[in-house]
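# Summary of structural features
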Amino acid sequence: NTFDYFAWLLAICIVVVPVYYLLPWDGARRALLTATGLYLVFLIAPRLALFYLVFWSVVVVLQSTLARLGEGRRANVALTVSILGLLSPMLIWKLFAEDFIVWFNVRFNEIAWDISSYLGAVDAVRDIILPIGLSFAVFRAIDLLVQTNLGAIGALSPGRIYFYGFFPPVQIIGPVIEYSELDAPGRTPPPRVPSIDDLGAGFAMIVTGLVKVFVLAYPLERSTDLFAFYETNSVPALWGELFLFSWLFYLIFAGYSDLSIGVSRVFGFRLKPNFDLPYFRTNIQDYWNNWHMSLTRFAQRNVFTPLGGMRAKRQYLAIAATMMVIALWHDITVPLVIFGLYHSSVLIGARVLNRRRPAATNPSVALRVGKNLL
């Protein structure tokens, strides 16, 4: 439950924020935030905390291996194998959801009992859960390994990788942050005392997120009924409900992203924005540059650019592959394949049209509305 997680996060920050700024060592601060993130996942279910300890421990080994290999064919083969290995649990979950969820809950509950009867007993009373946050964790881990392979990041200590993996604000609903947003060579460390600018901006983002989720989105919750009762509603009613649901989805997702970014800013970390009024953009390219921007940036770095998206002859293939990755990241279903095909075709069409006829510098209201509806 995303609401419960953020309620716990905001509550625990009352204690963690003062302790964080009292600690004089960066390593101790990273350890505090790592422990906080691990504890918050533990509150969901100990089996989830164990799962992510295993996951990020695997990343520790892979990152160290890639850093030692440097560049060359062996390093590229190792990177490919590593990416496929990290993707495998997410793909199995999406392709064989019921079997994977049963295995995940049963197997990691057994591990909890093997560690201690107390841990097993605590885990046994938790609900059956999904591996929440796995898609975000997989993409963050892949990005870290790709940056290591490119030489942008050197060998990291296990503590730094666990810090990146368990950074509390982004654990379950993103954004898909880059390692450099938290810890990178040459990066100015968070101040020893809380900055007034960071605290002010952080609290403002937190309030903005709370308003989006609990003030603006709450009245739209009934729009979700359209998925249960669509067969008994008229076409105009369905379109109206779908319009309202699109705003509900945006406000909740953007609101929780604001909470993540706001809490991070309180700790002195300035994460990149994740949403910037995407529904008010007047073309599909601007829309995707402002919707779930962290996922778009990940896809641009790791799919679009490597496939030659900057080259005229390969840009359309790169666009199609990028949009399909974004679509299938959400789930592997026929509707999302159609979603990927639709958006890639529209993006390609927009590029072709813009090359042949530049976009109007001052489009009419009718043209702007038409583009937004498309």
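Keep in mind that what you see is a predicted model, and the values were worked out from it rather than measured. (Residues numbered from 1 in each chain as written. Predicted model: local features only at pLDDT ≥ 70, side-chain atom pairs only at ≥ 80, totals over all residues. Heavy atoms only, no water.)

The helix and strand inventory of the protein chain stands at 16 helices and 0 strands. Scaling as 2.2 N^0.38, a compact globule of 374 residues should have a C-alpha radius of gyration of about 21 Å, and the protein chain matches this with 22 Å. For the protein chain, the share of sequence-separated contacts (at least 6 apart) that also reach a separation of at least 24 residues comes to 73%. A total accessible area of about 19,100 Å² is found for the protein chain, and carbon and sulfur atoms account for 67% of it. Across the protein chain, 30 positive and 23 negative side-chain charges occur, with their mean positions spaced 13 Å apart. (Helix = DSSP H or I, 4+ residues; strand = E, 2+ residues; numbered from the N terminus. Rg over C-alpha atoms; globule rule 2.2 N^0.38 Å. Contact = heavy atoms within 4.5 Å. Areas by Shrake-Rupley, 256 points an atom, 1.4 Å probe, with all protein chains shown as cover. Lys, Arg positive; Asp, Glu negative; His and termini not counted. Charge placed at Lys NZ, Arg CZ, Asp CG, Glu CD.)

A complete count under the given rule lists 38 aromatic pairs for this structure. With centroids separated by 6.0 Å and ring planes inclined at 50°, the aromatic side chains of Phe-163 and Phe-269 adopt a geometry described as tilted. With Phe-163 in helix H8 (residues 158–166) and Phe-269 in the loop between helix H11 (235–266) and helix H12 (284–288), this pair connects stretches of sequence that are 106 residues apart. Each member of the pair, Phe-163 as well as Phe-269, is classed as buried. Here the aromatic rings of Phe-245 and Phe-249 are separated by 6.4 Å at their centres, their planes lie at 40°, and the arrangement is tilted. Placement of both Phe-245 and Phe-249 in helix H11 is noted, with a separation of 4 residues, approximately one turn of the helix. We classify Phe-249 as partly exposed; its relative accessible area is 42%. Three or more aromatic residues joined by ring pairs make a cluster, and in this case those are Phe-245, Trp-247, Phe-249, Tyr-250, Phe-253, Phe-275, Tyr-279, Phe-280, Tyr-287, Trp-288, Trp-291 and Phe-339. Positioned above the aromatic ring of Tyr-20 is the side chain of Arg-29, whose terminal nitrogen or guanidinium carbon lies 4.8 Å from the ring centre. (Phe/Tyr/Trp six-rings, centres within 6.5 Å; stacked < 30°, edge-to-face > 60°. Buried < 20%, exposed > 50% of the residue type's maximum accessible area, 1.4 Å probe, protein only. Lys NZ or Arg CZ within 6 Å of the ring centre and 35° of its normal.)

A word on the environment of Ile-284. Tracing the sequence through the fold places Ile-284 in helix H12. Expressed as a C-alpha distance, the spacing of Ile-284 and Leu-347, which sit 63 residues apart in the sequence, is 6.5 Å. Residue contacts for Ile-284: discarding those within four places in its chain leaves His-343, Val-346, Leu-347 and Ala-350.

Turning next to the layout of surface pockets. Size it by volume and the second largest pocket reaches roughly 380 Å³. It is helix H4 (residues 73–95) that provides the largest number of residues to the lining of the second largest pocket, a total of 5 residues. Considering only residue class, the lining of the second largest pocket consists of 15 nonpolar, 1 polar and 1 charged. (1 Å grid on protein atoms, 1.4 Å probe; cavity = no way out; pocket = protein on both sides within 12 Å on 5 of 7 lines; lining within 4 Å. Points joined across faces, edges and corners; volume = space filled by probe spheres on them. Nonpolar A, V, L, I, M, F, W, Y, C, P; charged D, E, K, R; others polar.)

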